[in-house]
Amino acid sequence: MTQTAIKNDTAIPLLDLKAQYATIRDEIRPVIDEVCDAQWFIGGPEVTKCEEEVAAYSDCRHGIGVTSGTDAILCGMMALGIGPGDEVILPSFTFFATGGCVSRLGAKPVFVDNDPETYNITGKSIESAITERTKLIVPVHLFGQCADMQSILEVADRRSIPVMEDAAQSVGSIHKGQKACAMGRLGTLSFFPSKNLGAFGDGGMILTNDDALAERCRLLRNHGGHPKYYHKIVGGNFRLDALQAAVIRIKLRHLDGWSAQRAANAARYNELFAGSVVKTPTIADGNTSIYNQYVIRVPRRDALRDHLTAAKIATEIYYPVPLHMQECFADLGCKRGDLPHCEKAADEVLALPIYPELTKDQQERIAAAILSFLNAGG
Ligand SMILES: Cc1ncc(COP(=O)(O)O)c(C=O)c1O
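Being a predicted model, the structure only gives us computed values, none of them experimental.

Novice: Would you mind showing me how to read the site of the ligand here?
Specialist: By nearness alone, 14 residues border the ligand, and G69, T70, D166, S190 and K195 come closest of all. Taking D166, its side chain carries an N or O atom lying 2.7 Å from a nitrogen atom of the ligand. For the ligand, an oxygen atom lies 2.9 Å from a polar atom in the side chain of Q169. Protein chains shield 93% of the accessible area of the ligand, which is 390 Å² for the free molecule. Examining the composition of the shell around the ligand, we find that three residues originate from one element, helix α4 (residues 69-79), more than from any other. Residues that form the shell around the ligand fall into these classes: five nonpolar, seven polar and two charged.

Next comes the structure, spelled out in structure tokens:
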């Protein structure tokens, strides 16, 4: 480790979008100008091309651009007819959106525990949660790697229960030769700026190989109307902006390079932490992670985080409270102890900077700060 790496005390952010923008500014500015000159802001050719390109990238026949990753989940669930009386199985250790959408449709979220190594749910974890009311299973491909879709689909297919992949954090991630979103009936993406494929605002997409479902999602995202002012079903305004679509199209060209750089950074962290008490991420056999997050597990996590904050190193806790313990889901009657793996993960996980532009010196500084704290018994 170099002396400059140790002495350097400039702040290290969790994500450096300005650094990324500097590398694509010359490509982005003209397409924004084109959208402004065309004054076609909602739908239109940019959105259609974006849908075709992201769908092709994900090995899916259809892409339906929507307002956000949350609305992709909501619209997808609406297309599948989820409503009161239905149960939807999903992980507890995840971002709120997935569970929130189930409740907003009047259905009951049924939270299951995650695999302690990958943080994802598995076929085994969903099996005992299935009842005759189960209408949908939603695995979330957390932190950049797919859930064990093979085992999940085996369980779901036996009972003809559809599976919707929440791939907000895993665009382009591969599981046993198949791309995220191409394995279930539907898949959903988020273009929130911190995602590997992030827009300049909110955005999302539903992906599917099912022609009828795609048509239903297209109707639902535009108030269920077609032709204009003739409403076949009740939908919402879930439309993707042309400006966001234009940005996504440019960023898509760089996505594999950025994800490879994140994977290289992950490999470097793994080396730096080898032989220490830091538990580095486990990528399951047959999976390729896009490392939307690099999440370690450590003892005394909160004290370590304070130490890193003092050293101007940004970190984040994804997620401090599992969904089954959230106040808004109290009426489901879940309590601490119900899902031990996700409760333990919530107490120990810490996400480190992993963005593509992160330098070797910065990573060495981060690792040194973590290891010196842990070695000192801090
Ligand atoms: C796993 C997961 N699902 C859904 C979402 C919701 O996406 P959005 O923020 O675009 O609504 C996110 C984004 O943070 C996410 O990480």
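Novice: Would you mind going over the domain arrangement of the chain with me for this structure?
Specialist: By a widespread convention, an interface's size corresponds to the accessible area lost as its parts come together. The domain boundaries assigned to the chain delineate domain 1 (3-16 + 254-375) and domain 2 (21-249). Put simply, the middle of domain 1 and the middle of domain 2, counted by C-alpha atoms, are 25 Å apart. In this complex, domain 1 contributes 37 residues to the contact, which on the side of domain 2 involves 41 residues. Interface of domain 1 and domain 2: buried area, both sides summed, is about 3,400 Å²; carbon and sulfur atoms make up 59% of it. Looking at the side of domain 1 facing domain 2, the largest losses of area belong to L255, Y319 and L323, adding up to 20% of the total buried there. Remark: the boundary between domain 1 and domain 2 carries one salt bridge. With its nearest N and O atoms 3.0 Å apart, the salt bridge here joins K279 to E117. Inspection of the region where domain 1 meets domain 2 yields 27 residue pairs in polar contact (both at pLDDT 80 or more). Elements that contribute at least two residues to the side of domain 1 that touches domain 2 include exactly α9 (242-273), β10 (287-288), β11 (294-297) and α11 (340-348). Tallied by class, the residues present in the side of domain 1 that touches domain 2 amount to 21 nonpolar, eleven polar and five charged.

Novice: Please explain the packing of aromatic side chains as it appears in this structure.
Specialist: Note on aromatic pairs: each is described by the distance of the centres and the angle between the planes. Evaluation of the coordinates by the stated rule reveals twelve aromatic pairs. A connected cluster of aromatic rings, assembled from ring pairs, spans F93, F95, Y119, F143, Y318 and Y319. Here the basic side chain of K179 rests over the ring of Y57, its NZ or CZ set 4.1 Å away from the ring centre.

Novice: Any chance you could explain the side chain of D113 here in plain terms?
Specialist: Note on placement: D113 falls in the loop between β3 (108-112) and α6 (123-127). One buried charged residue, D113, forms no salt bridge at all, with the nearest opposite charge on R297 at 9.2 Å. Only 2.9 Å separates the side chain of D113 from the backbone nitrogen of C342, close enough to count as a polar contact. Ignoring sequence-local partners within four residues, the contact set of D113 consists of I121, S125, L339, P340, H341 and C342.

Novice: For this particular structure, what's the right way to read the confidence of the model for the chain?
Specialist: The predicted structure's coordinates, where accompanied by low pLDDT, should not be read in detail. Summary statistics for the chain give a mean pLDDT of 96 and a share of 98% for residues scoring 70 or more. Note that pLDDT drops below 50 for residues 1-6; the model gives that stretch nine contacts with residues more than four away or on any other chain.

Calculation notes
- Residues numbered from 1 in each chain as written.
- Predicted model: local features only at pLDDT ≥ 70, side-chain atom pairs only at ≥ 80, totals over all residues.
- Heavy atoms only, no water.
- Near = heavy atom within 4 Å.
- Polar contact = N/O pair within 3.5 Å; in protein donor to acceptor, adjacent residues only side chain to side chain.
- Areas by Shrake-Rupley, 256 points an atom, 1.4 Å probe, with all protein chains shown as cover.
- Helix = DSSP H or I, 4+ residues; strand = E, 2+ residues; numbered from the N terminus.
- Nonpolar A, V, L, I, M, F, W, Y, C, P; charged D, E, K, R; others polar.
- Domains from an automatic or database assignment.
- Contact = heavy atoms within 4.5 Å.
- Buried area = accessible area lost by both parts, 1.4 Å probe.
- Salt bridge = Lys/Arg side-chain N within 4 Å of Asp/Glu carboxyl O.
- Phe/Tyr/Trp six-rings, centres within 6.5 Å; stacked < 30°, edge-to-face > 60°.
- Lys NZ or Arg CZ within 6 Å of the ring centre and 35° of its normal.
- Buried < 20%, exposed > 50% of the residue type's maximum accessible area, 1.4 Å probe, protein only.
- Lys, Arg positive; Asp, Glu negative; His and termini not counted.
- pLDDT = per-residue confidence, 0-100.

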